[in-house]
Each structure stands twice: as C-alpha cells, then as structure tokens.
Amino acid sequence: MKKVVQSVCIAFLIIMLCVPLACPVKAEETVPQKGGTIVVATKLEPSWFVLNYVSDGAIQYINRNIFSKLVAYDYNTKELYGDLAESWDVNDDATEYTFHLRKNVKWHDGEDFTAEDVEWTVNDILEKGEAANAYIKLEQIESCKAVDKYSVVFHMKEPSGTLLNNLADYYGFDILPKHICEGIDVQESDFNKHPIGTGPFRFKEHVAGSHIRLEAFDDYYGDGPYLDEIIFQFIPSETTAISALEAGDADWMTASPPFAEIERLNNIDNLAVDMDPSSITQWIVFNLDGSRPYVDDINVRKAILLAIDRDEIAEKLYRGLVKASESWYTSIIPWADNPDVREPKRNVDEANKILDDAGYKRDANGYRFELTYLAFQTSIFGTTDIPTFVKQSLDDIGIKVNIGTYEWAVRSDMLAKRDWDICANGGDRGPDPDNFSRPLRSDSRTNLGEYKNVALDEAFKAGAQSFDQEERVKAYYDFQKIVSEDIPYINIVEYVLPRVHNTQFTGFFWQDNSGNCTDHMLNTVYLQKP
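Only a predicted model underlies this, so the values are computations on that prediction, with no experimental measurement involved.

Before going further, it helps to examine the overall build of the protein. A tally of regular secondary structure across the protein gives 15 helices and 19 strands. Taking the principal axes of its C-alpha atoms as reference, the protein extends roughly 75 × 55 × 40 Å. When the 530 residues of the protein are sorted by exposure, 60% land in the buried category. In the protein, once contacts between residues fewer than 6 apart in sequence are set aside, the share between residues at least 24 apart is 72%. When the accessible area of the protein is evaluated, it comes to approximately 20400 Å², of which 47% is carbon and sulfur surface. A gap of 3 Å separates the mean positions of the 52 positive and 87 negative side-chain charges of the protein.

We now examine helix α3 (residues 115–128). With 14 residues, α3 should cover 20 Å at 1.5 Å per step; its first-to-last C-alpha distance of 20 Å lies within 8% of that length. Here α3 lies mainly inside the structure; 10 of its 14 residues are buried. Those residues of α3 that sit buried are A115, D117, V118, E119, W120, T121, V122, D124, I125 and L126. Looking at the buried side of α3, the elements it contacts are β5 (96–101), α4 (135–138), β6 (141–148), β7 (151–156) and α6 (178–181).

Turning our eyes to something else, we now look at the pairing of β5. The pairing of strand β4 (residues 85–90) with β5 spans five bridges and is classified as antiparallel. Within β5, the position partnered with A85 by the bridge is L101. In this antiparallel pair of consecutive strands, β4 and β5, the connection spans five residues, and A94 shows a positive phi of 55 degrees. As paired elements, β5 and β7 share five bridges and run antiparallel to each other. Bridging from a neighbouring strand, T98 pairs with V153 of β7.

Attention now moves to the pattern of salt bridges. If you walk through the whole model with that rule in mind, you get 33 salt bridges. R64 is paired through a salt bridge with D174; the nearest N and O atoms lie 2.2 Å apart. Of this pair, R64 sits in the loop between α2 (59–63) and β2 (71–73) while D174 sits in the loop between α5 (163–168) and α6, and the two are 110 residues apart along the sequence. For the pair R64 and D174, one class covers both residues: buried. Here K128 ties to D124 by a salt bridge, and the two come within 3.1 Å at their closest N and O atoms. Of the two residues, K128 and D124 are both situated in helix α3; the distance of four residues between them amounts to about one turn of the helix. Among the charged side chains, a salt-bridge network with shared partners connects R64, K69 and D174.

Definitions and limits used
Residues numbered from 1 in each chain as written. Predicted model: local features only at pLDDT ≥ 70, side-chain atom pairs only at ≥ 80, totals over all residues. Heavy atoms only, no water. Helix = DSSP H or I, 4+ residues; strand = E, 2+ residues; numbered from the N terminus. Buried < 20%, exposed > 50% of the residue type's maximum accessible area, 1.4 Å probe, protein only. Contact = heavy atoms within 4.5 Å. Areas by Shrake-Rupley, 256 points an atom, 1.4 Å probe, with all protein chains shown as cover. Lys, Arg positive; Asp, Glu negative; His and termini not counted. Charge placed at Lys NZ, Arg CZ, Asp CG, Glu CD. Expected span 1.5 Å × (residues − 1). Pairing = 2+ DSSP bridges. Salt bridge = Lys/Arg side-chain N within 4 Å of Asp/Glu carboxyl O.

Set out below in structure tokens:
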C-alpha cells in the first residue's frame, strides 16, 4: 500500500513541506487480508449525506467512505495525493489548473465516472453561490469545463495558491454523479438520503436512531477496501460506547473517551488507545452581531480572555495530555503561527480592573452582569465540560454565566436565534491555514459569531492568492495580529485525539501502515490474522 504523492509545482511543495506532519501511530506491519465487518460506535447521526450545500458535523464520519474528491490529504502524512484526479498541471501564474482524471472509475450504480461529473458538481455549487456550504472553497473559480472525457480545466478569477487545498479540504465538497443529480434539488432529494458515490464502500441502509450499514465496493479504484462491511452504530454516550468496546460489541469509537479513562483502556486486552496529534483546537466564539451589549464591548472580551484559566483546563480536564492554547492560530503548524502575538496568561486582578474602569458595577450578589454560553455535544471530548471551567473563572471577575448544553442536531437552530453571548466551538485548522478562514471571514456562512473585519478578510485573501511562502507567512501573521486586538474568539486548548480501537483491526487512517486514505476513511483497515 505505497503512498503516491502527485506533484503540482515546486512552490506548492515547498509550502507543504513547511507544514508539520502529525506523529504517525506505529502499527505492526502485516499483510492485509480480505473480509470481516467493523462496528464503529458513532456519537453523531447525520440527517443527510451530501455536504456540498448544507454542512452537518456528523456527515464526514460516514460519507468519506462513500464519496470521493479530486485530490485529498493523506491523513497520516498530511500530503496531497490524487484521488479522482490522477495528476494535474498549473500554469505559471496559477490562474489555470488542468486535472487529468482516472479512467475506468465506476459510480456505485455501475455508470462511468467522467469529467462531466466534475464540471457539473463544481458549476452547481458556483450557481448556488453563498447559499451553498462549499461555495467559499470555490469562489475563486471563473469557470470549470470538461475538455474531454477525462480532463477538466479550472479557470481562476485571480491567482490561487490554495485551490488544491480547497478541493482536498475535509470540510469542502465531494464529486457527485451528474447522471443522477442534474435537474434535481439534491438537498431535498432521495439521493441525499440514499447516496451513490465512487468511494470504497457503498450505501446499504440507514435505520434512523440505530445504524448505517455500508458494504465494500469491489470496483473501487484506490487502496482496498479489505473489509466486507462497515456498521456505524449510533451511540451518543461515550460511556456506553466504551462499554460496547470492552464487551466486543464495537471495534472503534469516533468520539474521544474521557481523558481520565485513557490509562485504564490501554490496559484492557484487545483494546488500544492511540494518541494522535492534531491541528484541532477547542475554542469559544463571541456573538458579535450587535445584539449582545456586553460581549460587544472589547473591554468585556479582554477581561474574559484574562480571566479564563486555560492551564487549569489542560491539566484537570485533559490530565495534562493536551497543550493550553497560546497561539491565536495553532502552534501545530509553526510556519504560519505568529510568535509575536500570544494569548495572555491568566490575570484576574487586571481583568477586574478593566471591568471596573469600564463602569460595570457589581450587584449585591457580586455579579456585574450575566452571559449565556451555549455548548453542543460533539465527538471531541471536553466540549460540554469546558463551559463549567469557564463559568468558574468568570465568577472571579463578577460575570455570571448561564450554560446551555444541547444535542448537536439542534445546533444550527439554536445559534440562528442569536440568543447567546458565547458559543463552544472546535475543529481542525489545517493542514493549510486558509482552512481557518471559514469561521472568520465576513462572507462565510460558518462565521458563527458574525465577526466582520475588512483587514482580516484582505489578509486571508492575500494568503490564498499566493504561492510565495514569505507572502503567505506575512498574511497569516497579519490575521493573528488583527484577532489578537479584536478578540472575536478565545482559543482554549490544542487537542490530541485519543483513538480507542480493537487491536484485531489495523491499517486505520491515523496509523503508519495505512495506504492512501483521508480523515475517517476505512478503506485500508483490515482484520489481522490471529
């Protein structure tokens, strides 16, 4: 299962070589064998399967195995590899990209994959514009045209140093079948409930509240698949998922276990916990839509930044296995991390002085005002626990925090009401820093806090247009300086993913004996011989 990395141009490779690689988890090298079923304990149940138009944090756990991209990031090495595209060429000023597609690729219904599928997918997103979740990844494209059955050309509105990253991004989009999707509203269609892709596994069934079953697609063009089936069992509780693993009723859990359980789980026969470094950050976002009088005041945000004890959260909640955030981006990608601007250490006295000077008086109970903090259940451990630590920290400066914890399924509706001051957030910020533009740019649909700063938008635009490493570094350093002054969010901890799995299985995407596979793909997983 040799990993093959496609070339784009020397400049882009230089950029990618500057991105640190996650430390691979060692796995014993064995010969892959066919057969077997893996049961995956999955916390979140998707409402649909296509992420091109409307995002859902539960989708990628499943559909990475159903659909394909033009190019993808190998999760283990963080290098680009050709997925549906076999190779690609870029002109000198990065305004034209030509992708040469794989031949003999089949859709799960037996139809041939061609350049027309790519052309239709991209143009449909462009036509929907900002209403489509993936538009922010494609907005630099002037046109996408199939020039023959297995070649497609992207003409850019302006030079783009990040098109390949955007096509490969975990949160981006998938290539859809034109022969099924043309002429229908994909989001509202049966296709969105019964997807057909070109990936290593094809959709078999979805029993609401119970499970999703995928079966191996024997005509898959890439590495694997070796397993016969994947069953994604919906288990919202981490405790229940752990019990299923211990009993042998599940083989891997997508959610992180409580960090207090890691040592115990590592000592159970047939189980292992692989600690996987990541560029995921746990952070909080302020509601800056103008409707919340307290957090709209920079003095309040400064005081909250100074009051939160990030070190305590890293030590107590995460048992010292994660790093308390200092960077306004992430230190995991050092070439883009600005060392000259850092989140300050906790200083309760200074935080209180800022609020006193701003005129926020304490009442008889010692509180100045109240804030609403929303958190939603995710697969990242601590998302709903961090608010308790923040509440305790803000008590020390006279801010009362009312915490609301909800299921992920209601997140969009709850946030859309705008009846909140702080929202828990978390997600991957790599492997390219342009990916962090999505929650911050003024025109992004995933800018939950509705933070707007033209200078920040321009910094991200400059970073996205350039292939020059020095220019990109300057752009991303600038964005961090801007947010350090505006404080639209606060980073809490830089996360490490504990991967709990049955040791009978190997070849997981985070392990160093995997083949070409991106985040949450199970095409290279196989049962080890006894």
